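# Report on the structure
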Amino acid sequence: MAEFSKIRTGKLMLKNEKPLKKKTKKKRKMDEPEVTSTDDSPLYDGWWEVKKINDLTGQIAIEFGNRCFVRALDNGLFILGPPHDEGEGPDPEEVFTAFKISDTKITLKSGYGKYLSVDKFDIVTARTEAVGPLEQWEPVFQDNKVALSAANNKFVEIDSETDGLVAGSVSATSKNFIKFRSNTEREDGKKALPPVEERGTAQEIELNYVKKFQKFQDKKIKLSKEDVVVVKKAKKEGHLHETLLDRRAKMKADRYCK
């Protein structure tokens, strides 16, 4: 506990930290999106980097490394998803809903409607429907670095053997540093562009996601038979991904929601 308190009140220190080499500025091609040093959201389909806890509300994604996001599985566990191409945002399984519960803590809900917590083996899971002490998380923003502390007072990381999400580090090093990304409206008034898949009517949105994730052994697109009005309502209320995952989970042809 003493070490954890020291990390929180001091600096997030890198082990064996070396000074960064100065990079030469590459000339931007005319067809590439212009990105400033403080805004790389065009490279992520409008998902912008969160710099403070007050912005951790609504839909967010957790990025490790370069364009790799934490992905929820339907068994309540998490893995690190594959790298995304430039210009792509996170997949629905990589989108979480954040709720601020105090000045320093938040809760996180997966697209499957369960809250993230940590178990006695330091494994991060999402299998609970209510918020208790184990479902509370503390984001630490210091020196342009971010780490996420679990209820066991340890920082989250990707397990090198299982590729699963665990909270096993008492101090924050390079393997614990993450980026939170959001597609909600910013405080400066700028509205984040909705992902490409979410542009159009409710029926077009569902079709876009089905095309992206469904298997096509029989070369036929299979859509949910439930009323598409539910999708339109979910988008308005801010739980579109959770609703789409639920509808897709009922279709055996989906490669993620079988």
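Every value quoted in this text rests on a predicted model; they were computed, and no experiment measured them. (Residues numbered from 1 in each chain as written. Predicted model: local features only at pLDDT ≥ 70, side-chain atom pairs only at ≥ 80, totals over all residues. Heavy atoms only, no water.)

### Observations regarding the overall build of the chain
Cut-off, in case you're wondering: Secondary structure follows DSSP: runs of H or I at least 4 residues long count as helices, runs of E at least 2 residues long count as strands, and numbering of each begins at the N terminus. Each residue gets one of three labels from its accessible area relative to the maximum for its type: buried under 20%, exposed over 50%, partly exposed in between, using a 1.4 Å probe on protein chains only. Pairs of residues are marked as contacts when any of their non-hydrogen atoms sit within 4.5 Å. Each accessible area is a Shrake-Rupley result for a 1.4 Å probe, and residues are judged covered by the shown protein chains and nothing else.
Summing up its helical and strand segments, the chain has four helices and 13 strands in all. When each of the 258 residues of the chain is scored for burial, the buried share is 44%. Counting contacts in the chain only where the partners sit at least 6 residues apart, residues at least 24 apart contribute 57% of the total. Counting only carbon and sulfur atoms, one obtains 52% of the accessible surface of the chain, whose full area is about 15,200 Å².

### Observations concerning the packing of aromatic side chains
Basically, it comes down to this: Two aromatic rings, drawn from Phe, Tyr or Trp (for Trp, its six-membered ring), form a pair once their centres lie within 6.5 Å of each other, and the interplanar angle then sorts them: stacked below 30 degrees, edge-to-face above 60, tilted otherwise. Criterion for a charge above a ring: Arg CZ or Lys NZ at most 6 Å from the ring centre, at most 35 degrees from the ring normal.
For the coordinates displayed, the defined rule picks out four aromatic pairs. Measuring from ring centre to ring centre gives 5.8 Å for Phe-78 and Phe-96, while their planes differ by 40°; the resulting arrangement is tilted. Of this pair, Phe-78 sits in strand 4 (residues 78–80) while Phe-96 sits in strand 5 (residues 96–100), and the two are 18 residues apart along the sequence. The pair Phe-78 / Phe-96 is uniform in exposure class, with both members buried. Consider the rings of Phe-141 and Phe-180, whose centres lie 6.4 Å apart with planes at 40°: the pair is tilted. Of this pair, Phe-141 sits in strand 9 (residues 138–142) while Phe-180 sits in strand 13 (residues 179–182), and the two are 39 residues apart along the sequence. Note on Phe-180: relative accessible area 0%, which makes it buried. The ring of Tyr-44 has Arg-67 lying over it, and the distance from NZ or CZ to the ring centre is 5.6 Å.

### Observations concerning the confidence of the model for the chain
For any part of a model where pLDDT is low, the fine detail of the predicted coordinates should not be relied upon. For the record, the criterion: Along the chain, pLDDT gives the predictor's confidence residue by residue, from 0 to 100.
In the predicted model, the chain carries a mean pLDDT of 78, and 61% of its residues have values of at least 70. Low pLDDT, under 50, characterises residues 22–36; the predicted model gives this stretch eight contacts beyond four residues in sequence or across chains.

### Considerations on the pattern of salt bridges
Condition: Throughout this description, the term salt bridge denotes a Lys or Arg side-chain nitrogen within 4 Å of a carboxyl oxygen of Asp or Glu.
Here the structure, examined in full by the defined rule, presents 10 salt bridges. Across the pair Arg-71 and Glu-94 runs a salt bridge, and its minimum N-O distance is 3.3 Å. Of this pair, Arg-71 sits in strand 3 (residues 68–72) while Glu-94 sits in the loop between strand 4 and strand 5, and the two are 23 residues apart along the sequence. With respect to class, Arg-71 is no different from Glu-94; both count as buried. With its nearest N and O atoms 3.2 Å apart, the salt bridge here joins Asp-122 to Lys-154. Pair noted here: Asp-122 is in the loop between strand 7 (115–118) and strand 8 (124–128) and Lys-154 is in the loop between strand 10 (145–149) and strand 11 (155–158), with a separation of 32 residues, a long-range link. Among the residues examined, Asp-122 registers a relative accessible area of 19% and is labelled buried. Several salt bridges share partner residues, and in doing so they unite Arg-71, Asp-91, Glu-93 and Glu-94 into one network.

### Description of the pairing of strand 2 (residues 58–64)
This is how it is decided: Paired strands, in this sense, are two strands between which DSSP finds at least two bridges.
For strand 2, the tally of buried residues reaches six of seven residues, placing the bulk of the element in the interior. For strand 2 and strand 13, the ladder comprises four bridges, and the chain directions are antiparallel. Bridge pairing in strand 13 links Ile-60 to Ser-182. Examined bridge by bridge, strand 2 and strand 3 share two bridges and lie antiparallel to one another.

### A word on the nonpolar core
The condition is simple: Nonpolar cores are built from buried Ala, Val, Leu, Ile, Met, Phe, Trp, Tyr and Cys residues. Side-chain atoms within 4.5 Å join them into one set.
Core analysis: the largest hydrophobic core is formed by 27 residues, its most contacted members being Phe-78 and Phe-180. Within the residue set of this core, elements represented by two or more residues are strand 2, strand 3, strand 5, strand 6 (106–109), strand 7, strand 8, strand 10 and strand 12 (165–169). The biggest single contributor to this core is strand 2, with three residues. If you look at the next biggest cluster of nonpolar residues, it comprises six residues, including Leu-43, Tyr-44, Trp-47 and Val-95.

### Remarks on the pairing of strand 13
Summarising the sheet, strand 1 (residues 48–49) and strand 13 pair through two bridges and their orientation is antiparallel. Bridge pairing in strand 13 places Glu-49 opposite Arg-181.

### Concerning empty space enclosed by the protein
The criterion, for reference: The definitions used throughout rest on a 1 Å grid laid over the protein atoms alone, on which a cavity is an enclosed set of points accommodating a 1.4 Å probe that cannot get out and a pocket is an open set flanked by protein within 12 Å on both sides along at least five of seven lines; lining residues are those having an atom within 4 Å of a point. Grid points are joined across faces, edges and corners, and a volume is the space filled by probe spheres set on the points. Polar here means any residue outside two lists: the nonpolar Ala, Val, Leu, Ile, Met, Phe, Trp, Tyr, Cys and Pro, and the charged Asp, Glu, Lys and Arg; Gly therefore counts as polar.
Applying the stated rule across the entire model yields two cavities of 30 Å³ or more. In this model, the second largest cavity occupies a volume close to 50 Å³. Around the second largest cavity, the lining residues are Ile-62, Phe-64, Val-70, Leu-108, Leu-116, Trp-137, Leu-148, Val-156 and Leu-165. Its residues assigned to classes, the lining of the second largest cavity comprises nine nonpolar, no polar and no charged.

### Digging into the side chain of Asn-176
What counts here: A 3.5 Å cut-off defines polar contacts: any pair of N or O atoms within that distance qualifies, except that in protein one atom must be a possible hydrogen donor and the other a possible acceptor, and neighbouring residues in sequence count only when both atoms are side-chain atoms.
As for its position among the elements, Asn-176 is in the loop between strand 12 and strand 13. By relative accessible area, which is 0% here, Asn-176 ends up buried. Among the polar contacts made by the side chain of Asn-176, one reaches the side chain of Ser-169 at a distance of 3.3 Å. When neighbours within four sequence positions are excluded, Asn-176 is seen to be in contact with Val-146, Ala-147, Phe-155, Val-156, Glu-157, Ser-169 and Ser-171.

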